[in-house]
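So you can see what is in the structure, the chains are spelled out below.
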Amino acid sequence: MARTAASRRRRPRGDDRISALSDDLLYLVLRRLDIRTAVGTAVLSRRWACLRRELPVLDFSVDAMLPPRYHRWVQLHDQVGKASFQYDMTQVSRELMPNIRRYEHRAMRALTRSVETFLDAAASAVRRRKISRLRLEFFVTPTPSTACMNQLIAEAIDACGVDDLHVVAKPIFWRRGVHNFASHGLCKEPSASRLQSLKLGGCVLPPLHEYGALTTLILQDIPESTPEAAYEGVFTLCQQLQVLHLISCQCSGKVIFVDAPMSKIRELVVDKCRFRRFRLRALPNLESLASLGPQVFLESASFPRLRNFNLTSCLGVTMRGFREYLKENLKIDHESLLEYIPDITHLIVRISGPDRWIVPSRSPSTLLPNLRRLLIADVPSSWDVSWARLLIETAPALEVLHIHIATCIEEPGDEIRWKPTIRRHHHLEEFIMVGYEGTGRQIYLVNFVMRVCIALRRVSIFKNGHARNKGHWDWELVTQQHSWTDEEKDSTLMHIMDGVSLSVAPVQLVFG
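Residues numbered from 1 in each chain as written. Predicted model: local features only at pLDDT ≥ 70, side-chain atom pairs only at ≥ 80, totals over all residues. Heavy atoms only, no water.

So, a positive patch on the surface
A grouping of Arg102, Arg106, Arg109 and Arg113 is seen on the molecular surface, where their side chains present a positively charged patch. In this fold, arginine 113 is placed in helix 6 (residues 89-124). (Patch = residues over 30% accessible without salt bridge, like charges linked within 9 Å, V, L, I, M, F, W, Y side chains within 5 Å. Areas by Shrake-Rupley, 256 points an atom, 1.4 Å probe, with all protein chains shown as cover. Salt bridge = Lys/Arg side-chain N within 4 Å of Asp/Glu carboxyl O. Lys, Arg positive; Asp, Glu negative; His and termini not counted. Charge placed at Lys NZ, Arg CZ, Asp CG, Glu CD. Helix = DSSP H or I, 4+ residues; strand = E, 2+ residues; numbered from the N terminus.)

See the structure below:
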């Protein structure tokens, strides 16, 4: 106790150990702070203020300006909305909405002041500051802040040489709105910019064809007023573009038609976009394609480098009458679904709906001669899961097959009538089924794999689990261990081994 008191007496007053750190360490600290806290460090000393101005990465986020109380108001509004029959919604709007909007406008005023401070400092600086990355997130409000945000974007591209730019405009709570850039677009000299990576969210799509260094583009929440020619121009006019993601985008036209034989795009993701039709005719450098939501239709074989394909689609409705009509008329054979992709090696298929809509082709053929790894996930338990046999038979080089079955409350649907086969599969080594419930069609599929796949080495059957994406073109199975009784194991073995030749190499069976 005496030693502690003595050490406190010996410690000089005003000892600033943080400022004694090297600039490199202080830069690491500042990079991990949100904009609100980083701006506040300027009051510590002149050195902190200077360091903040030298950071090569800028992050202006309106979320960092919102207090925790704002999120509690939003959460309360959502809870009231779910039980609206108990409340007078007019009164609720009078009480809740003004508080939510007040915090949003305060946050925007604070964000605008921070941006203006940066712009003033940049204008008075002797030498131009270099910025490698700018992330800007703000609310769309009818205030002068729009011009301030546009000025920051133009300054970052024209004067600071930014090469990675994220701009996300969010509508204020329960209102619609999109951000408009200045008449000249993102900046005044696009042809001289160093911009390589760009993300735009909630914005009117500006002209992008003059950004010669642009290789990565992410468009999110682009409004319905956008003409289809604007999207098509991204493919045909952005000559250096290699990665393109379209997320929750909309279009005013009927069909987006892509015919870009000179394009260098190698990665394309179309995720939950509200396009009526999205048709690809030519993207010769395309290596990876993800069609998540509305299907992307390939209309030719002009995709010689395509190796990875993710097809996620949910079709059908549960409304009585309409459901019966679609059940009879919505039928897509597997050849139409997987046409023009013969060279893919990795395939993820997540298809679902109230009723099974994928059917066998009338003239089956070898569609996927190079496919090595296949995931079939989210298959409703009411579907006849044996439809996966279609893909096994069309992929003679398949080595790994994982299937995930999702539990649903629907009654079992119609079954596929299979003809006996004498064909054998010579390459499948691993088969895993997750979500196994022991239904007749599930047993049939496992038994089919055991009988036909003569190179099989490992079969795993799990009752609980799911398939988790690792990016857009890889996955992992997350399983939960289940204790099988001896009776369950014996009964399952009896069914899945029925008719299996004993002359083939032993297979490792795992029950989980």
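Considering the pairing of strand 5 (residues 216-220)
Side chains of strand 5 alternate between two faces, with Leu217 and Leu219 buried and Thr216, Ile218 and Gln220 left unburied. Relative to strand 5, strand 4 (residues 197-201) runs parallel, the two sharing five bridges. By the bridge assignment, leucine 198 is partnered in strand 5 with leucine 217. Bridge count for strand 5 against strand 6 (residues 243-247) is five bridges, and the pairing is parallel. What sits directly across from leucine 219, in strand 6, is leucine 246. (Buried < 20%, exposed > 50% of the residue type's maximum accessible area, 1.4 Å probe, protein only. Pairing = 2+ DSSP bridges.)

Section: the confidence of the model for the protein chain
Chain-level pLDDT for the protein chain is 87 on average; 86% of the residues reach the 70-or-more range. Counting interchain partners and residues more than four positions distant, the pLDDT-below-50 stretch residues 1-11 has one contact. (pLDDT = per-residue confidence, 0-100. Contact = heavy atoms within 4.5 Å.)

Section: a nonpolar patch on the surface
Residues Val317, Met319 and Phe322 make up a contiguous nonpolar surface patch of about 310 Å² in total accessible area. One can find phenylalanine 322 in helix 9 (residues 322-329). Phenylalanine 322 sits in the exposed class, given a relative accessible area of 53%.

With respect to the sheet that holds strand 9 (residues 277-282)
Note on sheets: strands pair through backbone hydrogen bonds, and any given pair is parallel or antiparallel. Taken in spatial order, the three strands of this open sheet run 7-9-11, and their pairing is parallel. Bordering the open sheet on either side are strand 7 (255-259) and strand 11 (296-302), each of which pairs with just one other strand. Averaged over all neighbouring strand pairs, the angle between strand axes comes to 10°, with direction disregarded. Taken together, the five bridges between strand 7 and strand 9 define a ladder with parallel strand orientation. Bridge pairing in strand 9 links valine 255 to arginine 277. Helix 8 (residues 228-237) rests against strand 7 and strand 9 of the sheet, and its axis sits at about 15° to strand 7. (Axes fitted to C-alpha atoms, helices over the stretch in contact; angles between N-to-C directions.)

A look at the pairing of strand 12 (residues 308-314)
With respect to burial, strand 12 is a largely interior element, five of its seven residues being buried. Pairing of strand 12 with strand 14 (residues 346-352) involves seven bridges; the strand directions are parallel. When the bridges of strand 14 are listed, cysteine 314 appears paired with serine 352.

A short note on the environment of arginine 323
Mapped onto the secondary structure, arginine 323 falls in helix 9. The class for arginine 323 is buried, based on a relative accessible area of 17%. Spatially, the C-alpha atom of arginine 323 lies 8.4 Å from that of aspartate 355, the residues being 32 residues apart in sequence. If sequence neighbours within four positions are ignored, arginine 323 has contacts with Val317, Thr318, Pro354, Asp355 and Glu410.

A look at the packing of aromatic side chains
For the structure shown, the criterion picks out nine aromatic pairs. When the ring centre of tyrosine 103 is taken as reference, the NZ or CZ atom of arginine 102 above it lies at 5.8 Å. Above the face of the tryptophan 484 ring, lysine 463 is positioned so that its terminal group lies 4.6 Å from the ring centre. (Phe/Tyr/Trp six-rings, centres within 6.5 Å; stacked < 30°, edge-to-face > 60°. Lys NZ or Arg CZ within 6 Å of the ring centre and 35° of its normal.)

Points about the side chain of asparagine 310
Of note, asparagine 310 is situated in strand 12. Owing to a relative accessible area of 2%, asparagine 310 belongs among the buried residues under this scheme. Not counting the four nearest positions on each side in its chain, asparagine 310 is found in contact with Leu289, Ala290, Ser291, Leu292, Ile348, His472 and Trp473.

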